[in-house]
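Listed here are the chains, written in short residue letters.
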Amino acid sequence: MLDEVDGERYTVHAVVTTPLLRFKDDIDVRFELTDEQTSTIHIRSASRFGKGDFGANLSHIMDLQTALNAQAEY
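Fair warning: this is a prediction, and the values are worked out from it, not measured in the lab. (Residues numbered from 1 in each chain as written. Predicted model: local features only at pLDDT ≥ 70, side-chain atom pairs only at ≥ 80, totals over all residues. Heavy atoms only, no water.)

1. Section: the pattern of salt bridges
Cut-off, in case you're wondering: Salt bridges are defined as contacts in which a side-chain nitrogen from Lys or Arg sits within 4 Å of a carboxyl oxygen from Asp or Glu. Here a helix means four or more residues in a row that DSSP labels H or I, a strand means two or more in a row labelled E, and each is numbered from the N terminus. Working definition: with a 1.4 Å probe on protein chains only, accessible area under 20% of the residue-type maximum means buried, over 50% means exposed, and in between means partly exposed.
As enumerated under the stated definition, the model contains four salt bridges in all. Between arginine 48 and aspartate 26 there is a salt bridge, with the nearest N and O atoms lying 2.9 Å from each other. Of this pair, arginine 48 sits in the loop between strand E4 (39-47) and helix H1 (56-71) while aspartate 26 sits in strand E3 (residues 24-33), and the two are 22 residues apart along the sequence. One salt bridge connects aspartate 28 with arginine 44, and the closest N-O pair in it is separated by 3.3 Å. Taken together, the positions of aspartate 28 in strand E3 and arginine 44 in strand E4 put the pair 16 residues apart, joining distant regions of the chain. In this structure arginine 44 comes out as partly exposed when scored by relative accessible area, which is 48%.

Encoded structure:
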C-alpha cells in the first residue's frame, strides 16, 4: 500500500502487510539523479516486528526491482 510520496525529495514510502500473520513491513524508495541521463534508486525494506523476516524484505526489494525493470524504457 502506497503511503506517502514526496515529489520534492523524490521519495516514496509504502507499507506491505504480510499475508500470513499480517505483520507490517516498511519500504522506502529514494530516486537520485546522477546526471542528465542516469539515476540511482535506493530501496530499503524493514520489518516493524521481530528479528527475522524469513526473506520477506529481500522479496519486497526484488519484486520492486522487477516491476521497475519492466517499466524501464531502454
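2. Quick look at a nonpolar patch on the surface
The test is simple: Patches here: salt-bridge-free residues with over 30% relative accessible area, like charges joined within 9 Å, nonpolar side chains (Val, Leu, Ile, Met, Phe, Trp, Tyr) joined within 5 Å. Accessible areas in this description were obtained via Shrake-Rupley with a 1.4 Å probe; residue shielding takes into account the shown protein chains only.
The grouping of Tyr10, Phe31, Leu33 and Ile41 at the surface amounts to a nonpolar patch, some 410 Å² of accessible area in total. Examined against the element boundaries, tyrosine 10 turns out to sit in the loop between strand E1 (2-6) and strand E2 (11-17). Since its relative accessible area comes to 48%, tyrosine 10 is described here as partly exposed.

3. Here we look at the layout of surface pockets
Applied cut-off: Here the term cavity refers to a set of points on a 1 Å grid, laid over the protein atoms alone, in which a 1.4 Å probe fits but cannot get out; the term pocket refers to an open set having protein on both sides within 12 Å along at least five of seven lines, with lining residues being those that place an atom within 4 Å of a point. Grid points are joined across faces, edges and corners, and a volume is the space filled by probe spheres set on the points. For this scheme, ten residues count as nonpolar: Ala, Val, Leu, Ile, Met, Phe, Trp, Tyr, Cys and Pro. Four count as charged, namely Asp, Glu, Lys and Arg, and the remainder, Gly too, count as polar.
Of the volumes computed, that of the largest pocket is approximately 240 Å³. Contributing to the lining of the largest pocket are 13 residues, with Thr18, Leu21, Phe23, Asp53 and Phe54 lying nearest its centre. When the residues that make up the lining of the largest pocket are grouped by side-chain class, the tally is seven nonpolar, four polar and two charged. Of the pockets and cavities examined, the second largest pocket occupies roughly 180 Å³. For the second largest pocket, the full set of lining residues is Ile41, Ile43, Gln65, Leu68, Asn69 and Ala72.

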